[in-house]
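Listed below are the residues making up each chain.
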There are 2 protein chains.
Amino acid sequence: MKTHHIAIMGLGTVGGGAYDILTQNREHIKSTQGLDISVKLILDRNDEPLKKRGIPTKLFCDSVDKLAADKDVELVIETMGGVEPAKTFITKMLTAGKSVVTANKELLAKCWHELEPIAKAHGCGLFFEASCVGGVPIIRALGESFQGDRVKSIYGIINGTTNYILSKMSSENCSYAEALKKAQELGYAEFDPTSDVDGYDAAYKLSILCSLAFHTCVPYGSIFRDGITKVTASDIKNAHDLGYEIKLLAIGKREGDGLEARVHPVFVPKDHPLASVSGAYNAVYLNGDFVGDLMFYGAGAGAHPTGSAIVSDVIKALSGKPKYCEFENNGKLDGSVKLIGDFVSGYYICVTVDDKVGVLSRISTILGNNGVSIKAATQVPGSDDGATVVFLTHLAREHAVMQSLEAIGKLAAVRSIDSMIRVL
Amino acid sequence: MKTHHIAIMGLGTVGGGAYDILTQNREHIKSTQGLDISVKLILDRNDEPLKKRGIPTKLFCDSVDKLAADKDVELVIETMGGVEPAKTFITKMLTAGKSVVTANKELLAKCWHELEPIAKAHGCGLFFEASCVGGVPIIRALGESFQGDRVKSIYGIINGTTNYILSKMSSENCSYAEALKKAQELGYAEFDPTSDVDGYDAAYKLSILCSLAFHTCVPYGSIFRDGITKVTASDIKNAHDLGYEIKLLAIGKREGDGLEARVHPVFVPKDHPLASVSGAYNAVYLNGDFVGDLMFYGAGAGAHPTGSAIVSDVIKALSGKPKYCEFENNGKLDGSVKLIGDFVSGYYICVTVDDKVGVLSRISTILGNNGVSIKAATQVPGSDDGATVVFLTHLAREHAVMQSLEAIGKLAAVRSIDSMIRVL
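Residues numbered from 1 in each chain as written. Chains lettered and ligands numbered in written order. Predicted model: local features only at pLDDT ≥ 70, side-chain atom pairs only at ≥ 80, totals over all residues. Heavy atoms only, no water.

Undergrad: Describe the overall build of chain A, and please don't skip the residues or the numbers.
TA: Counting its secondary structure elements, chain A contains 15 helices and 18 strands. Its C-alpha atoms put chain A at 80 × 45 × 35 Å along the principal axes. A buried classification covers 58% of the 424 residues belonging to chain A. Contacts in chain A between residues at least 24 apart in sequence constitute 73% of all its contacts with a sequence separation of at least 6. Within chain A, one finds 44 positive and 49 negative side-chain charges whose respective centroids are separated by 3 Å. (Helix = DSSP H or I, 4+ residues; strand = E, 2+ residues; numbered from the N terminus. Buried < 20%, exposed > 50% of the residue type's maximum accessible area, 1.4 Å probe, protein only. Contact = heavy atoms within 4.5 Å. Lys, Arg positive; Asp, Glu negative; His and termini not counted. Charge placed at Lys NZ, Arg CZ, Asp CG, Glu CD.)

Pasting the structure below:
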């Protein structure tokens, strides 16, 4: 059996996970896939990461150009993360005719349209199952299952950090700050958690998922994005009382000729399959015009789940011909596709008011004048002669709700608009 | 763009579903997959099914030999069901060099090892995504995702009829007979429901799933099988009181060098993702040594979900080279694989006894003597000086529990052993 030599660029958590699988399951892969895969070189700043993991330092490579020039190496795994130098390094590998397997969602979301033509021109492949939702084979599914269907919608819990924080807030009724601290202690959140909690990470992944699902480039910059930092313990409590869980959802929807692409917190009904996806687990719930509803669930991150997706791509890359994106991908939204900003949703609104006769009526009038119909409203007395009013609306247009909130905020009896969260 | 001509054998529910998708989404498939697929011929007993669906009768074909001889037809969809004449017809198509896409789980489970060599010898493919779990792409996932992993276990809700019945019993606290009647009225259950309620259908699918997951033939005849006909409304109530739902699970597990393969009702903890898979939905929950837990969820049956899986296979078959089973598949269990009959599980046991001092103690002694340790026991007074005793055991060996039940049944104070259901 021929030995396929491959290399790893960046021996961090995920690169290390892929190395573990390739070495520990090498015989299993030989016997079940008919492929003998050997890691020949590992590129990193120095050989410390190899030493730390007990990997022979003879595998260490200190130069990307040496790696690119190594004729033995057929394929390279990129697990460095970030745009540069990953982009330059990947470009060198593709140009040298080596297929690349990457876990880099930021790079993919930003530069897929630049990298894929290079891969194509050199007859090699660019594989990225590991870039979205860890070990969950959602990229494979979008490309190679239900291909006869027109995907109508995707709802994803695709960021483990925020799902951990929201699950913690839900199960322990703690504040956002407390849950974030716990997530940081356990290594689920970075010291600077911005990319996760503000929804950038989810937007990168949504850009990739939507582009594949809707067969058109959905640039990450076009995605409406709102994070979880403003979600309060009261919001969680109100959600529970009303029969919901709060989740950060990445949503892609086809509406006529238009598309919606947005990341924001959502009230998810407790009996919806996504409501019970908790902790660091992820899931993608999608609907096709014939297949109906499908859900793919699993670990959204971590060395071994993400490493498993990488190894799956390595095996795929070594087993057949590369496939390329079938739509024109220039990194921009196709002119014929309308991106819908004024989408339709239900809304949860929480307002603190003076506890006086007529306030609720004035708020209701504003909502009504903007065409926003109220499904449920409850008023709870608060401190200082104030009261908290919680509204759930029927389906309404985003702009109408925003206009209403602006007008409601100007009412003399309204002390603060505390929360607005969309409802599934 | 070249037109690919295909044919359908058997225009029932699923065949009709596939036809709908191929015609209604023909342009979509052309633009996204680069394939123009046209249904040229439909084989059936007569042209009534075509007329009923408004399909032009010029597509009708009355002879399998004419179909096999048609040089235009590249690929044939088989949606007849059952072993014969499907097996003979498929053999004719493969021998004529036409790839076959089938939804026929019974035929696959029984004759895969005979059909695949014929496909291989004639350079064509045998595709069967639609044979298991409707629109859920579990066959694809087992073959082309997490290939670097060693699958440790599969737990599947893979029969929609029984899941509908058990969900109905759970939500409405009705009897098995009432729920079955409702399922029959809605078309979820056949007039003769044996294949579903006795677990044959699930065993066919489990045979296919286990063979793919464990890379060895797991014949359907080797699968331990127990149906849902003995599950009572009391069992469901007891399950709820103890924090469980009852589901018919298809279980495949690797234990050392051995395998477990079994279909039977199971107490599933309410917080397990499988517990909330209800109605006609299906799900497969699996664990790989590196990817961890994954779940695939969706409609397990129906014209369009299953049709979607068929169309996915048609596209796959027309897009590339066929892949064959990598393990030796002779329809028998590999001599080196030990099938574990004496598996380990938790158990729920329900017994009616005389309400006398010492009965519980005698039962406990028998369980203890057989090495079966009790986790929880409750006794509820019943009629005629009787009482119902419900036990939950810790993990125990199947044979030990069976021996215990035999001895318990012989106790003078024991009126009946009402139920024994395994616990996840």
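Undergrad: Describe the interface of chain B and chain A, and please don't skip the residues or the numbers.
TA: Counting residues at the interface gives 44 residues for chain B, matched by 44 residues for chain A. Each partner contributes to the roughly 3,600 Å² buried at the junction of chain B and chain A, and carbon and sulfur atoms together form 53% of this total. When the buried area of chain B at its contact with chain A is split by residue, Gln147(B), Phe290(B) and Tyr297(B) rank highest and sum to 20% of it. If you look at where chain B meets chain A, you find zero salt bridges. Taken together, chain B and chain A are joined by 14 residue pairs in polar contact (both at pLDDT 80 or more). Broken down by secondary-structure element, the contributors of at least two residues to the side of chain B that touches chain A are helix 1 (13–24), helix 2 (26–33), helix 7 (138–144), strand 11 (281–288), strand 12 (292–299) and helix 13 (303–319) of chain B. In the side of chain B that touches chain A, the residues fall into 18 nonpolar, 16 polar and ten charged. One ladder, built from five bridges, connects strand 12 (residues 292–299) of chain A with strand 12 of chain B; its direction is antiparallel. Of the residues in strand 12 of chain B, the one forming a bridge with Phe296(A) is Phe296(B). (Buried area = accessible area lost by both parts, 1.4 Å probe. Salt bridge = Lys/Arg side-chain N within 4 Å of Asp/Glu carboxyl O. Polar contact = N/O pair within 3.5 Å; in protein donor to acceptor, adjacent residues only side chain to side chain. Nonpolar A, V, L, I, M, F, W, Y, C, P; charged D, E, K, R; others polar. Pairing = 2+ DSSP bridges.)

Undergrad: An account of the pattern of salt bridges is needed here, citing residue identities and associated values.
TA: Applying the stated rule across the entire model yields 52 salt bridges over all chains. For Lys30(B), the salt bridge goes to Glu27(B), with nearest N and O atoms at 3.6 Å. Here Lys30(B) and its partner Glu27(B) are both found in helix 2, three residues apart, which amounts to about one turn of the helix. Salt-bridge contacts for Arg422(B) lead to Glu398(B); the nearest nitrogen and oxygen are separated by 2.6 Å. Of this pair, Arg422(B) sits in strand 18 (residues 414–423) while Glu398(B) is found in helix 15 (residues 398–409), placing the two residues 24 residues apart along the sequence. One connected set of salt bridges, linked through shared partners, spans Lys40(A), Asp70(A) and Asp72(A).

Undergrad: So, helix 1 of chain B: which residues are in play, and what are the values?
TA: Its twelve residues give helix 1 of chain B an end-to-end C-alpha distance of 16 Å, which sits within 8% of 16 Å, the value for a rise of 1.5 Å per residue. Buried residues of helix 1 of chain B: Gly15(B), Gly16(B), Gly17(B), Ala18(B), Tyr19(B), Ile21(B) and Leu22(B), and no others. (Expected span 1.5 Å × (residues − 1).)

Undergrad: Provide a residue-level description of the nonpolar core, including the pertinent values.
TA: Judged by nonpolar contacts, the single largest core of 170 residues is most densely connected at Ile138(A), Ile165(A), Ile138(B) and Ile165(B). Excluding its chain neighbours within four sequence positions, the residues that come into contact with Ile165(B) are Tyr176(B), Ala179(B), Leu180(B), Ala183(B), Val197(B) and Ile228(B). (Core = buried A, V, L, I, M, F, W, Y, C linked by side-chain atoms within 4.5 Å.)

Undergrad: If you had to explain the sheet that holds strand 3 (residues 60–61) of chain A to someone new, which residues and values would you point to?
TA: All names here are of chain A. Spatial strand order, 3-2-1-4-5-6: six strands in an open sheet with parallel pairing. If you trace the sheet from one side to the other, it starts and ends with strand 3 and strand 6 (126–127), each paired once. Packed onto the sheet, helix 2 (residues 26–33) meets strand 1 (3–9) and strand 2 (36–43) and runs at close to 135° relative to strand 2. (Axes fitted to C-alpha atoms, helices over the stretch in contact; angles between N-to-C directions.)

Undergrad: Explain the pairing of strand 1 (residues 3–9) of chain B to me, and be specific about the residues and the numbers.
TA: Residue and element names in this part refer to chain B. Judged by how many residues are buried, strand 1 sits mostly within the fold: five of seven residues are covered. Sheet topology note: the strand 1/strand 4 (residues 73–78) ladder contains five bridges and is parallel. Note that in strand 4 the partner of Ala-7 across the bridge is Val-76.

Undergrad: Which residues make up the packing of helix 8 (residues 160–172) of chain B against helix 12 (residues 233–242) of chain B, and what are the values?
TA: All names here are of chain B. Helix 12 packs onto helix 8 with a crossing angle of 70° between their chain directions and a minimal axis gap of 9 Å. As far as their axial angle goes, helix 12 and helix 8 are roughly perpendicular. Crossing handedness for the pair helix 8 and helix 12: right-handed. Contacts between helix 8 and helix 12 involve Leu-166, Met-169 and Ser-170 from the first element and Ala-233, Ile-236 and His-240 from the second. Taken together, the residues that form the contact of helix 8 with helix 12 break down as four nonpolar, two polar and no charged. (Parallel < 35°, antiparallel > 145°, perpendicular 65-115°, else oblique. Left-handed = near helix turned anticlockwise from the far one by under 90°.)

Undergrad: With reference to specific residues and values, describe the relation of the copies chain B and chain A.
TA: Its rotation angle being 180°, the transformation that places chain B on chain A also includes 0.0 Å of axial translation and leaves an RMSD of 0.0 Å. Within this description, the copies of the chain are treated as partners about a two-fold rotation axis. Distance from the rotation axis, computed per C-alpha, reaches its smallest value in chain B at Phe296(B): 2.5 Å. A share of 100% of the interface residues of chain B reappears at the interface of chain A, consistent with the copies meeting face to face through the same patch. (Least-squares fit on C-alpha atoms with pLDDT ≥ 70 in both.)

Undergrad: Could you give me a rundown of unusual backbone geometry, with the residues and numbers involved?
TA: All names here are of chain A. Following Glu-84, the chain continues to Pro-85 via a peptide bond in cis, the omega torsion being 5°. Considering the arrangement of structural elements, one finds Pro-85 in the loop between strand 4 (73–78) and helix 5 (86–95). At Asn-173, a position not held by glycine, the phi torsion is positive, near 50°. Inspection of the secondary structure assignment puts Asn-173 in the loop between helix 8 (160–172) and helix 9 (176–185). Note on Asn-173: relative accessible area 48%, which makes it partly exposed.

Undergrad: Can you explain the sheet that holds strand 4 of chain B? Please cite residues and give values.
TA: Residues and elements named next belong to chain B. Spatially, 3-2-1-4-5-6 is the arrangement adopted by the six strands of the open sheet, whose pairing is parallel. Because the sheet does not close on itself, it has two edges, and the strands there are strand 3 (60–61) and strand 6 (126–127). Its contacts with the sheet place helix 2 against strand 1 and strand 2 (36–43), and it is angled at close to 135° to strand 2. Where helix 13 meets the sheet, it contacts strand 1, strand 2, strand 4, strand 5 (99–102) and strand 6, and its direction lies at approximately 155° from that of strand 4.

Undergrad: So, the environment of Ala376(B): which residues are in play, and what are the values?
TA: Residue and element names in this part refer to chain B. Of note, Ala-376 is situated in strand 15 (residues 374–381). Each C-alpha atom of the pair Ala-376 and Thr-229 lies 26 Å from the other, and the pair is 147 residues apart in sequence. Sequence-distant contacts of Ala-376, that is, excluding residues within four places in its chain, are made with Val-390, Phe-391 and Leu-392.

Undergrad: I'd like a description of helix 8 of chain B, backed by residues and values.
TA: Residue and element names in this part refer to chain B. Compared with an ideal rise of 1.5 Å per residue, which puts 13 residues at 18 Å, helix 8 spans 18 Å between its outermost C-alpha atoms and is within 8% of the ideal. Judged by how many residues are buried, helix 8 sits mostly within the fold: eleven of 13 residues are covered. Every buried residue belonging to helix 8 is among Gly-160, Thr-161, Thr-162, Asn-163, Tyr-164, Ile-165, Leu-166, Ser-167, Lys-168, Met-169 and Ser-170, and all of these are buried. Measuring from the backbone nitrogen of Thr-161 back to the side-chain oxygen at the start of helix 8 gives 3.3 Å, which picks out Asn-159 as the cap. Following helix 8 by one or two positions, Asn-173 adopts a phi angle in the positive range, close to 50°.

Undergrad: Quick rundown of the environment of Leu395(A)? Include the residues and the values.
TA: All names here are of chain A. By the element assignment, Leu-395 lies in the loop between strand 16 (386–393) and strand 17 (396–397). For Leu-395, a relative accessible area of 65% puts it in the exposed group. Separated by 51 residues in the primary sequence, Leu-395 and Val-344 place their C-alpha atoms 6.1 Å from one another. Residues within four places of Leu-395 in sequence aside, it is in contact with Val-344, Ser-345 and Gly-346.

Undergrad: Just give me the short version of the side chain of Lys87(A), but keep the residues and values in it.
TA: Residues and elements named next belong to chain A. Tracing the backbone shows Lys-87 in helix 5. Here Lys-87 falls in the buried class, since its relative accessible area comes to 19%. Discounting chain neighbours no more than four positions away, the residues touching Lys-87 are Leu-107, Cys-111, Glu-114 and Leu-115.

Undergrad: Describe the packing of aromatic side chains, naming the residues involved and giving the relevant values.
TA: Residue and element names in this part refer to chain B. A complete count under the given rule lists 17 aromatic pairs over all chains for this structure. With a centroid separation of 6.2 Å and an interplanar angle of 85°, the aromatic rings of Trp-112 and Phe-327 are classed as edge-to-face. With Trp-112 in helix 6 (residues 105–121) and Phe-327 in the loop between helix 13 and strand 13 (338–339), this pair connects stretches of sequence that are 215 residues apart. Residue class for Trp-112 comes out buried when judged on its relative accessible area of 5%. Between Tyr-244 and Phe-267, the aromatic rings sit 5.4 Å apart at their centres with planes inclined by 50°, giving tilted as the arrangement. (Phe/Tyr/Trp six-rings, centres within 6.5 Å; stacked < 30°, edge-to-face > 60°.)

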